[in-house]
Each structure stands twice: as C-alpha cells, then as structure tokens.
Amino acid sequence: DQERALGDAARLSGYTTTVTGVTYDGAGEVTVSVRVENRDAEPQPMFATDWSLVSPGGHTYEPDSSTLPSTGEVGDTPVTGDVVFRVDATAAESQGDFYVLYKPDALDAAQGVWSFTVPDAGAPVEAP
C-alpha cells in the first residue's frame, strides 16, 4: 500500500493519483475530490468503482455517485472529479479516522490510501 497525505500522489499501475480534498457534510455524505493521471503511452481504464471508503467503524463503502467522466478512461489529459459516498450517520460509522482507498488494478494488491478525521459525526468537515 502507498499511504499518502491529502494532496500527495500515489503511483500505481501506470497511474499517478491524488486525493485533492475531502468533505463530510455532517449527515453521512463524504465527497472525495480526486485527480487521476495516466503515465502510460495508451489510454487506461478509469472508473469510480476503483475507489472505496473505510469508515471509523471498519465498514467498507462503495461509491454512491461520481462526477468522473463517463468515458471510462484516462489518456493524455488528467481527469478530475468527485467520488461521493453515503455512510451511516452514526458516531460509530462517521466519527473518527476514515480511509480513502484507490485500487485501479484488481490483479495487483497495491492500493493508494489517504486518511482524514471527522472529530464530530454531526458537524461538517473539510480537509484541504
């Protein structure tokens, strides 16, 4: 795994990927802003389902929605967008340390990991 701070890039399977920011709305919605760059000569597949979110309670959430382009690939131009997760708005699930995971290659165990903290489950949080 490549653990990174928010704003720092992970280099995995020909991609350079960055979590540029995270917001928690205080009611269970987590929005992760991302940037995906392709380092290979040919376009590569890119999907919102490459992302997941692990809650402080240890539950893994799949994306609820995304603003990533629907083309399903990243070529010469970096792709930016938001990946949105809906978590249980209970203190056990939405208060504490969250982990954003990026795993672009199902055959490779490597993944990018970024963390952020929600100190109060009922209060909005925005990280860089």
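All figures in this text were calculated on a predicted structure; none of them were measured in a lab.

**Quick word on the nonpolar core**
Formed by 29 residues in total, the largest nonpolar core has its most connected members in V19, V30, W51, L53 and F116. Breaking this core down by element, the ones donating at least two residues are β2 (9-12), β3 (15-24), β4 (29-38), β6 (51-54), β10 (79-86), β11 (96-102), β12 (112-118) and β13 (125-127). Once you skip the residues sitting within four places of it in the chain, F116 turns out to touch L6, V22, V30, L53, G96, D97, F98 and V100.

**A word on the side chain of T17**
Examined against the element boundaries, T17 turns out to sit in strand β3. Not counting the four nearest positions on each side in its chain, T17 is found in contact with D8, A9, A10, R35, V36, W51, Y102 and W114.

**Details of the pairing of β11**
The element β11 is extensively covered by neighbouring structure, given that five of its seven residues are classed as buried. Two elements, β11 and β12, share seven bridges in a ladder whose sense is antiparallel. Across the sheet, Y99 pairs through a bridge with S115, a residue of β12.

**Comments concerning the confidence of the model for the chain**
A low pLDDT means the predicted coordinates there should not be read in detail. In this model, the chain carries an average pLDDT of 94, and 100% of its residues clear a pLDDT of 70 or more. Here helix α1 (residues 91-94) is the element of the chain with the lowest mean pLDDT, 84, and β6 is the one with the highest, 98.

**Things to note about the sheet that holds β6**
Spatially, five strands are ordered β1-β12-β11-β6-β7 in an open sheet, and the strand pairing comes out mixed. Whereas interior strands pair on both sides, the edge strands pair on one side only; in this sheet they are β1 (2-4) and β7 (60-61). Summarising the sheet, β6 and β7 pair through two bridges and their orientation is antiparallel. Of the residues in β7, the one forming a bridge with V54 is T60.

**Considering the packing of aromatic side chains**
Following the criterion strictly, the structure yields five aromatic pairs and no others. With a centroid separation of 4.5 Å and an interplanar angle of 40 degrees, the aromatic rings of W51 and Y102 are classed as tilted. Remark: Y102 occurs in strand β11 and W51 occurs in strand β6; sequence separation between them is 51 residues. Judged by its relative accessible area of 2%, W51 falls in the buried class. Y102 sits in the buried class, given a relative accessible area of 0%. Geometrically, the ring pair formed by W51 and W114 is tilted, given 5.9 Å between the ring centres and 35 degrees between the ring planes. Linking W51 in strand β6 with W114 in strand β12, this pair joins segments that are 63 residues apart in sequence. For W114, a relative accessible area of 0% gives the class buried. Here the aromatic residues Y15, W51, Y102 and W114 are joined through ring pairs into a cluster of three or more.

**Side note on the pairing of β4**
Looking at chain direction, β3 and β4 are connected through nine bridges and run antiparallel. Bridge pairing links T16 to E37 in β4. From the end of β3 to the start of β4, which pair antiparallel, there are four residues, and G26 there has a positive phi angle of about 85 degrees. Judged from the eight bridges that link them, β4 and β10 form a sheet pairing that is antiparallel. Within β10, the position partnered with V34 by the bridge is G81.

Analysis parameters
Residues numbered from 1 in each chain as written. Predicted model: local features only at pLDDT ≥ 70, side-chain atom pairs only at ≥ 80, totals over all residues. Heavy atoms only, no water. Core = buried A, V, L, I, M, F, W, Y, C linked by side-chain atoms within 4.5 Å. Buried < 20%, exposed > 50% of the residue type's maximum accessible area, 1.4 Å probe, protein only. Helix = DSSP H or I, 4+ residues; strand = E, 2+ residues; numbered from the N terminus. Contact = heavy atoms within 4.5 Å. Pairing = 2+ DSSP bridges. pLDDT = per-residue confidence, 0-100. Phe/Tyr/Trp six-rings, centres within 6.5 Å; stacked < 30°, edge-to-face > 60°.

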